Amino acid sequence: MPDPFLTDEHQLVRNSVREFSERYVVPITRKMDIEDYYPRDLIRELGKQGFLTPSVPPEYGGPGLDLRGSVVVVEELSRYSPTLGFIVEIVNDNIAYALMKYGTDRQREEVLPKIASGEWVASYALTEPCCGSDAAAIETRAERRGGEWVINGRKIYITQGAYADVYLLFARTGPKEARHRAVTAFLVRRSNCVEVSKLDMMGMRGAGEAEVKFNDCVVGDDDIVGKLNEGFKIAMITLDLARIGISAVALGLSQGVLDEALQWARSRVAFDRPLIDWEWIQFQLADMSAKLELGRTITYRAAWHFDNKDPVFVKYATLAKLYTAQMAVEISRDGVQILGGFGYTKESFAERAYRDAKVLEIAEGTNEVQRILLFRMLTRGLPEVEL
Ligand SMILES: Cc1cc2nc3c(=O)[nH]c(=O)nc-3n(C[C@H](O)[C@H](O)[C@H](O)COP(=O)(O)OP(=O)(O)OC[C@H]3O[C@@H](n4cnc5c(N)ncnc54)[C@H](O)[C@@H]3O)c2cc1C
């Protein structure tokens, strides 16, 4: 039975990402996790195949898929490597979308193709040591000096930050009290003014997480993305989209765990019977699959609303993020349990997935932030969004 939210083209995309993953991703996932290895060549290969920025149109070097297409790419990659799914959703939803919608012609023509092809590694630099959930309080400053902008400040937990060639950076361009009304988005090229320190994370290893310091980085007016003091709007719309992207990571990760648990339950024997013959195991697997199907339905629906330019997508994106992040933590925990001791070893996918899943409740807005947003929508209606 075809999925009502997906087309035959989406299915073809899924098949090619699966083939790609089996060939290029599977052999490297363990190294990425154990050595915290950033797969630079694989990022280029993802770009070559059009999987790094699925939503970028062909004139800027992407395949021009709709958002459901990019959800399918991220979901399928995350079955094998949640880290790669996470990288792709950030590059596509947080960065490429901002450039497509708010970038200048020069930024679209010169920068976007380099990001889409994987020639340049791109990072989204919003969070700071002072503030993550309260992004309107950021302290990194861009000051006007002699017709240029001079940027100083620190960003933290920046995915691919250790290896980035370019940062989509949000900085304060007015007084702190002006909060979100004095934030501007800039494109900052990596140079001597950028100092990176790698971070040692619990999961999503190999994503090049870093603290990034900007010391007197000079950029021009033509490096502003969107308008002066309108950066916060860009941050919010890209985060709305990224909530669908991160839900796709949760779906793929959970599917990977369910596949492994099912296979294990069929082959592992306990008390003279395969595990799968025991009712508790059957109920666990049934619950895992029920949660996953619910998560899939909400996520695809959110992307479908976006593709149909319906602002209600924001509500479903928030719902999907809240539900699927929690779902991925539960499914991976239950997967480890079904696998028993093997599930606690680094040989199993479930062990890595359990650590990777936790960040889905934190990144792209914590689950508490999703509850705050949902409560606001419940009491005040949908926020205004530019589509
Ligand atoms: C692996 C990883 C990758 C990341 N990648 C990026 C990236 O590429 N770019 C980027 O800019 N950022 C990135 N982040 C940062 C991420 O978006 C932030 O960590 C997140 O927004 C939370 O901010 P914080 O860590 O400052 O927590 P805080 O905002 O300090 O929150 C701490 C806790 O308090 C809760 N809390 C805060 N305010 C409230 C409230 N009003 N009511 C109830 N509870 C509240 C939060 O939900 C959380 O549980 C990444 C983080 C991780 C871990």
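Keep in mind the model is a prediction, meaning the values are calculated, not measured.

**Digging into the domain arrangement of the protein chain**
Each assigned domain of the protein chain is listed with its residue range as follows: domain 1 (8–121), domain 2 (123–229) and domain 3 (232–380). The straight-line distance from the C-alpha centre of domain 1 to that of domain 3 is 20 Å. With 26 residues of domain 1 at the contact, the number on the domain 3 side is 33 residues. Interface area for domain 1 against domain 3, summed over the two sides, is near 2500 Å², with a carbon-plus-sulfur share of 63%.

**Let's talk about the pattern of salt bridges**
Counted according to the given criterion, the structure contains 35 salt bridges. The salt bridge partner of Glu35 is Lys31, with a shortest N-O separation of 3.1 Å. Of this pair, Glu35 and Lys31 both sit in helix α2 (residues 29–35), 4 residues apart, which is roughly one turn of that helix. Take Lys31: its relative accessible area is 35%, and that puts it in the partly exposed class. Where Arg106 meets Glu110, a salt bridge forms, and the shortest distance between an N and an O atom there is 3.4 Å. Placement of both Arg106 and Glu110 in helix α6 (residues 105–117) is noted, with a separation of 4 residues, approximately one turn of the helix. The partly exposed category is assigned to Glu110, whose relative accessible area is 43%. Connected via shared salt-bridge partners are Arg14, Arg18, Glu75, Glu76, Arg79, Asp259, Glu293 and Arg296.

**Thoughts on helix α1 (residues 8–25)**
Between its first and last C-alpha, α1 extends 24 Å over 18 residues, near the 26 Å set by a 1.5 Å rise per residue. Among all positions of α1, only His10, Val13, Arg14, Val17, Phe20, Ser21 and Val25 are buried. Seen from one end, α1 has its buried residues packed into an arc of 130°, which puts them on one side. Structural note: α1 exposes Asp8, Leu12, Glu19 and Arg23 on the side pointing more than 90 degrees away from its buried face.

**Concerning the site of the ligand**
Lining the immediate environment of the ligand, one finds 17 residues, of which Tyr124, Thr127, Ser133, Thr366 and Glu368 sit closest. Between Glu368 and the ligand, the recorded distance is 2.6 Å, taken from a side-chain N or O atom to an oxygen atom. Within the complex, 65% of the 970 Å² of free accessible area of the ligand lies under protein. The set of elements that each furnish at least two residues to the shell around the ligand consists of β3 (148–158) and α11 (367–380). Looking at the shell around the ligand residue by residue, the classes come out as 9 nonpolar, 5 polar and 3 charged.

**Focus: the state of the cysteines**
This structure, assessed with the given rule, holds 2 disulfides. Between the sulfur atoms of Cys193 and its disulfide mate Cys217 the distance is 2.1 Å. Judged by the sign of its S-S torsion, about 105°, the bond between Cys193 and Cys217 is right-handed. With Cys193 in the loop between β5 (183–189) and β6 (194–198) and Cys217 in strand β7 (residues 210–219), this residue pair connects regions lying 24 residues apart in the sequence. We note that Cys193, like Cys217, is buried. Should the bonded cysteines of the protein chain be numbered as they appear in the sequence, the pairing reads 1-2, 3-4.

Conventions and cut-offs
- Residues numbered from 1 in each chain as written.
- Predicted model: local features only at pLDDT ≥ 70, side-chain atom pairs only at ≥ 80, totals over all residues.
- Heavy atoms only, no water.
- Domains from an automatic or database assignment.
- Contact = heavy atoms within 4.5 Å.
- Buried area = accessible area lost by both parts, 1.4 Å probe.
- Salt bridge = Lys/Arg side-chain N within 4 Å of Asp/Glu carboxyl O.
- Helix = DSSP H or I, 4+ residues; strand = E, 2+ residues; numbered from the N terminus.
- Buried < 20%, exposed > 50% of the residue type's maximum accessible area, 1.4 Å probe, protein only.
- Expected span 1.5 Å × (residues − 1).
- Arc of directions from axis to C-beta.
- Near = heavy atom within 4 Å.
- Polar contact = N/O pair within 3.5 Å; in protein donor to acceptor, adjacent residues only side chain to side chain.
- Areas by Shrake-Rupley, 256 points an atom, 1.4 Å probe, with all protein chains shown as cover.
- Nonpolar A, V, L, I, M, F, W, Y, C, P; charged D, E, K, R; others polar.
- Disulfide = S-S within 2.5 Å.

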